[in-house]
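Analysis of the macromolecular model
Now for the letters of each chain:
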Amino acid sequence: MSTEPSAERDLDGLGEQATDGHTRLTDISGGTEGRSMASIPEYYAGKNVLITGATGFMGKVLVEKLLRACPEVRALYLLVRPKAGQSMEQRVSDMMTCKLFDRVREVNPDFHQKIIPISSELTQPGLAISPEDVERLSACINVVFHCAATIRFDEPLKHALQLNVIATQQLLSLAKQMQHLEAFVHISTAYANCNRKHIDEVIYPPPVEPKKLIDSLEWMDDSIVRDITPRLIGDRPNTYTYTKALAECVVQQEQDKLNIAIIRPSIVGASWQEPVPGWIDNFNGPSGVFIAAGKGILRTMRANNDAVADLVPVDMVINLTLAAGWYTAVHRRKTEKQNDERPKSALVYNCTTGGINPFHWGQIEHHVMSSFKRNPLEQAFRRPNANITSNYLMNQYWILVSHKFPALIYDFVLRLSGQKPQMMRIFNRLHKAIGLLEYFSSQDWEWNSENMSMLMSQLTPEDRRTFNFDVRQLNWPEYIENYCIGTKKYVLNEDMSDIPAARQHLRKLRNIRYTFNTLLVVFIWRVFIARSQMARNIWYFVVSLCFKFLSYFRASSTITK
Ligand SMILES: CCCCCCCCCCCCCCCC(=O)SCCNC(=O)CCNC(=O)[C@H](O)C(C)(C)COP(=O)(O)OP(=O)(O)OC[C@H]1O[C@@H](n2cnc3c(N)ncnc32)[C@H](O)[C@@H]1OP(=O)(O)O
Ligand SMILES: NC(=O)C1=CN([C@@H]2O[C@H](COP(=O)(O)OP(=O)(O)OC[C@H]3O[C@@H](n4cnc5c(N)ncnc54)[C@H](OP(=O)(O)O)[C@@H]3O)[C@@H](O)[C@H]2O)C=CC1
């Protein structure tokens, strides 16, 4: 298996083998090729597209953009499972009524006719797709986008393997039966190789041969698997990144039979522009942290102020994904016409921002805080004031003072008023969540993203506008502001017209804090200082020192005027 950077990855003869062994999607035919190919909407016109994970965060944005920007697409087949007592048809129809689809509904009110749900549970043999559906898909699908995965960091290894690796393998088998398949696009993560500091657009050797692991875990019971998981995942932080690396390997094993692109986004955040700025629908990754900070619950977190926060907006990731699907398919057709017999290879796109338009966690903290002060969330627990620190002890100190102590007081008040205590429980869950994220916010990585830049150079000017993934255009402060507003509007379903009331609530919290601090000082005075002569002397000494310092400061500032 050729997995090292030096592996022959010659882009069917059209790419360039770089001196570092890294294949780049070079400016084929002097950069004019893009203009001779069909545009992206032209390519998708009349195509049948299969999408997994369409009910997820990225899948929904993909479905929406495809319907809106490529209105001539023939049909979207969505592999969906029934869930929480809802049939898959019900889930898909609920999904289409959500706000995300407002724009496409305006331009094409009948867009739902293009959506065909297919019942599928990806963890089951044969993906639990009926034989009739297998036949139907094999006969008509032209492009596959594989987005489904478990993205939980604490997923038991067996389940993560089942969904992220075995299901991918099964989907590839299905893809091989598809008679008209032109492109298979697999969504991976930029952190699949987070055990490396510099990550090229190549598939690295897997930590273990996937088949061997699948065979060995099959007979082990869950408790044994749990015990050996830390040894297996080694220098990766969780089962998610580990299984995503294995998934890349199983995808690579089919690269000579299928036309494959692998997209590796870093931390996918709210939308930049489309369909609306700031669209987000979940608590994953930074969104949950932003909300917890905006609600005044999160006051401290371990993160490196100077580390690059490699966030990438979801609409940019989806634009790149659609462009990669187009390029993979059109490019293959050309090489087939040329009767090129050389082996194909999967093309990897690191979809990241840090190398091109870096922004740091310290800056994120600043902009998130100021945004939530301008546009506060409703019913905040305390005034938003979160600080990040890379110092472990400092963080522990603030957890005690700013998280646990207020939670205890709050729960005590709830108990007194006959209600169930809840704050400590919320903090315990928050600590678990941020504990799992700290690995990603405490260090930075360097991703090579040349394939992304070069893909952009292949687009027509019109496609470059419609499928914009030029991360240089991101204005971070504006993006973060929209992101925070998006969490308020779309995740918490809060109304923007309630902002004055939310501000009033923050003022009330500030007054409570002032009152509490005053009472605390009086209490300390009465209990500790007023009772001892020595404590009183120290107190007067400190107060007079402060007074002298203030007088000196005032005098010196008058002189300098
Ligand atoms: C101002 C400061 C700036 C600095 C800011 C630094 C940000 C630094 C981000 C790095 C980000 C790296 C991202 C890697 C990039 C990929 O590769 S993408 C894959 C990303 N995957 C994830 O983010 C999944 C992480 N989440 C999980 O694994 C699970 O949700 C957890 C955290 C283990 C919790 O599991 P659980 O206890 O079973 O519960 P679950 O039902 O999932 O959620 C429980 C509660 O926690 C909340 N929650 C879930 N996730 C979070 C979260 N991230 N935060 C807070 N609450 C959360 C839920 O809303 C829920 O609350 P309720 O609705 O019950 O009130
Ligand atoms: N979000 C991020 O920050 C990043 C995500 N990625 C990758 O992007 C892809 C999409 O992520 P995202 O949209 O955020 O994830 P979500 O968790 O939002 O969506 C996951 C999707 O997978 C589906 N799915 C999960 N289990 C099954 C199953 N057993 N059978 C059928 N479908 C299933 C879910 O369906 P259901 O609704 O039924 O649960 C859902 O549609 C993933 O491959 C992820 O690794 C990469 C980098 C960052």
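Calculation notes
Residues numbered from 1 in each chain as written. Chains lettered and ligands numbered in written order. Predicted model: local features only at pLDDT ≥ 70, side-chain atom pairs only at ≥ 80, totals over all residues. Heavy atoms only, no water. UniProt positions renumbered as here; feature names shortened; annotations may be inferred. Helix = DSSP H or I, 4+ residues; strand = E, 2+ residues; numbered from the N terminus. Rg over C-alpha atoms; globule rule 2.2 N^0.38 Å. Buried < 20%, exposed > 50% of the residue type's maximum accessible area, 1.4 Å probe, protein only. Contact = heavy atoms within 4.5 Å. Areas by Shrake-Rupley, 256 points an atom, 1.4 Å probe, with all protein chains shown as cover. Lys, Arg positive; Asp, Glu negative; His and termini not counted. Charge placed at Lys NZ, Arg CZ, Asp CG, Glu CD. Near = heavy atom within 4 Å. Polar contact = N/O pair within 3.5 Å; in protein donor to acceptor, adjacent residues only side chain to side chain. Nonpolar A, V, L, I, M, F, W, Y, C, P; charged D, E, K, R; others polar. Expected span 1.5 Å × (residues − 1). Pairing = 2+ DSSP bridges. Axes fitted to C-alpha atoms, helices over the stretch in contact; angles between N-to-C directions. Core = buried A, V, L, I, M, F, W, Y, C linked by side-chain atoms within 4.5 Å. Parallel < 35°, antiparallel > 145°, perpendicular 65-115°, else oblique. Left-handed = near helix turned anticlockwise from the far one by under 90°.

Taking an unreviewed UniProt entry as the reference, the protein chain is identified by name as Fatty acyl-CoA reductase belonging to Pagothenia borchgrevinki. The record in UniProt for the protein chain states the following under Sequence similarities (unreviewed entry): "Belongs to the fatty acyl-CoA reductase family." On record in UniProt, under Subcellular location (unreviewed entry), the comment for the protein chain is "Peroxisome membrane".

1. Brief notes about the overall build of the protein chain
Check the secondary structure of the protein chain and you find 20 helices and 15 strands. The C-alpha atoms of the protein chain give a radius of gyration of 27 Å, which matches the 24 Å a tight globule of 561 residues would have. In terms of overall dimensions, the protein chain has C-alpha extents of about 95 × 60 × 50 Å along its principal axes. Looking at the protein chain residue by residue over its 561 residues, the buried ones come to 53%. Restricting to contacts in the protein chain with at least 6 residues of sequence separation, those with at least 24 account for 82%. Carbon and sulfur atoms make up 55% of the accessible area of the protein chain, which amounts to about 26200 Å² in all. For the protein chain, the centre of its 64 positive side-chain charges and the centre of its 58 negative side-chain charges are spaced 13 Å apart.

2. Side note on the site of ligand 2
Taken together, 26 residues form the shell around ligand 2, and within it Thr55, Arg81, Arg91, Glu121 and Tyr240 come nearest. One of the side-chain N or O atoms of threonine 55 is found 2.7 Å from an oxygen atom in ligand 2. Take alanine 149: an N or O atom from its main chain is 3.4 Å from an oxygen atom of ligand 2. About the coverage of ligand 2: the protein hides 89% of its 890 Å² of free accessible area. Secondary structure elements with two or more residues in the shell around ligand 2: helix H3 (57-69) and helix H10 (239-252). Of the residues contributing to the shell around ligand 2, the split by class is 13 nonpolar, 8 polar and 5 charged.

3. Section: helix H13 (residues 361-374)
Here H13 is 14 residues long and its end C-alpha atoms lie 20 Å apart, about the 20 Å a rise of 1.5 Å per residue gives. Buried within H13 we find Trp361, Gly362, Ile364, Glu365, Val368, Met369, Ser371 and Phe372. The inward-facing, buried residues of H13 abut strand S10 (267-269), helix H11 (286-294), strand S12 (311-313), strand S14 (387-389), helix H15 (423-441) and helix H18 (476-491).

4. Things to note about the sheet that holds strand S7 (residues 183-187)
Here 7 strands make up an open sheet; going across it, the order is S5-S4-S3-S6-S7-S9-S13 and the pairing parallel. Of all the strands in the sheet, the pair left with one neighbour each is strand S5 (115-119) and strand S13 (347-351). Taking the axes of each pair of neighbouring strands and ignoring which way they run, one obtains an average angle of 20° across the sheet. Summarising the sheet, strand S3 (residues 48-52) and strand S4 (residues 75-80) pair through 5 bridges and their orientation is parallel. When the bridges of S4 are listed, valine 49 appears paired with leucine 76.

5. Quick word on the nonpolar core
Grouped together as the largest cluster of nonpolar side chains are 111 residues, with contacts concentrated most on Tyr44, Ile51, Val63, Leu78 and Trp326. At 12 residues, the largest contribution of residues to this core is made by helix H12 (residues 314-337). Excluding its chain neighbours within four sequence positions, the residues that come into contact with valine 63 are Ile51, Ala54, Leu76, Leu78, Met95, Phe101 and Ile115.

6. Structural notes on the pairing of strand S9 (residues 260-265)
With respect to burial, S9 is a largely interior element, 6 of its 6 residues being buried. Of the two faces of S9, both are covered, the one formed by Ile260, Ile262 and Arg264 as well as the one formed by Ala261, Ile263 and Pro265. Relative to S9, S7 is paired through 4 bridges, and the arrangement is parallel. Across the sheet, residue phenylalanine 184 finds its bridge partner in S9, namely isoleucine 260.

7. Regarding the site of ligand 1
Taken together, 25 residues form the shell around ligand 1, and within it Ile151, Arg152, Phe153, Gly285 and Arg429 come nearest. A distance of 3.3 Å separates a nitrogen atom of ligand 1 from a polar backbone atom of phenylalanine 283. Glycine 285 is positioned such that a nitrogen or oxygen atom in its backbone is 2.7 Å from an oxygen atom of ligand 1. For ligand 1, the protein covers 80% of the area, taking 1300 Å² as the surface of the free molecule. For the shell around ligand 1, the elements supplying multiple residues, two or more each, are H11 and H15. A per-element tally of the shell around ligand 1 places H15 first, with 8 residues. Classifying every residue of the shell around ligand 1 gives 16 nonpolar, 5 polar and 4 charged.

8. Considering unusual backbone geometry
A cis amide bond links glutamate 274 with the next residue in sequence, proline 275, at an omega value of -10°. Looking at the secondary structure, you find proline 275 in the loop between S10 and H11. For alanine 128, which is not glycine, the phi dihedral falls at a positive 55°. Mapped onto the fold, alanine 128 is located in the loop between S5 and helix H6 (131-140).

9. Some remarks on the side chain of serine 441
As for its position among the elements, serine 441 is in helix H15. Apart from the residues within four sequence positions on either side, serine 441 is in contact with Met301, Arg302, Ala303, Asn304, Ala307 and Trp361.

10. Examining the packing of helix H14 (residues 392-416) against H15
Between H14 and H15, whose axes approach to 9 Å, the crossing angle comes to 155°. As summarised for this structure, H14 and H15 are arranged roughly antiparallel, according to the angle between their axes. As H14 runs across H15, the sense of the crossing is right-handed. Touching Asn395, Ile399, His403, Lys404, Ala407, Tyr410 and Asp411 of H14 are Met423, Met424, Phe427, His431 and Glu438, all from H15. For the contact of H14 with H15, the class distribution of residues is 6 nonpolar, 3 polar and 3 charged.

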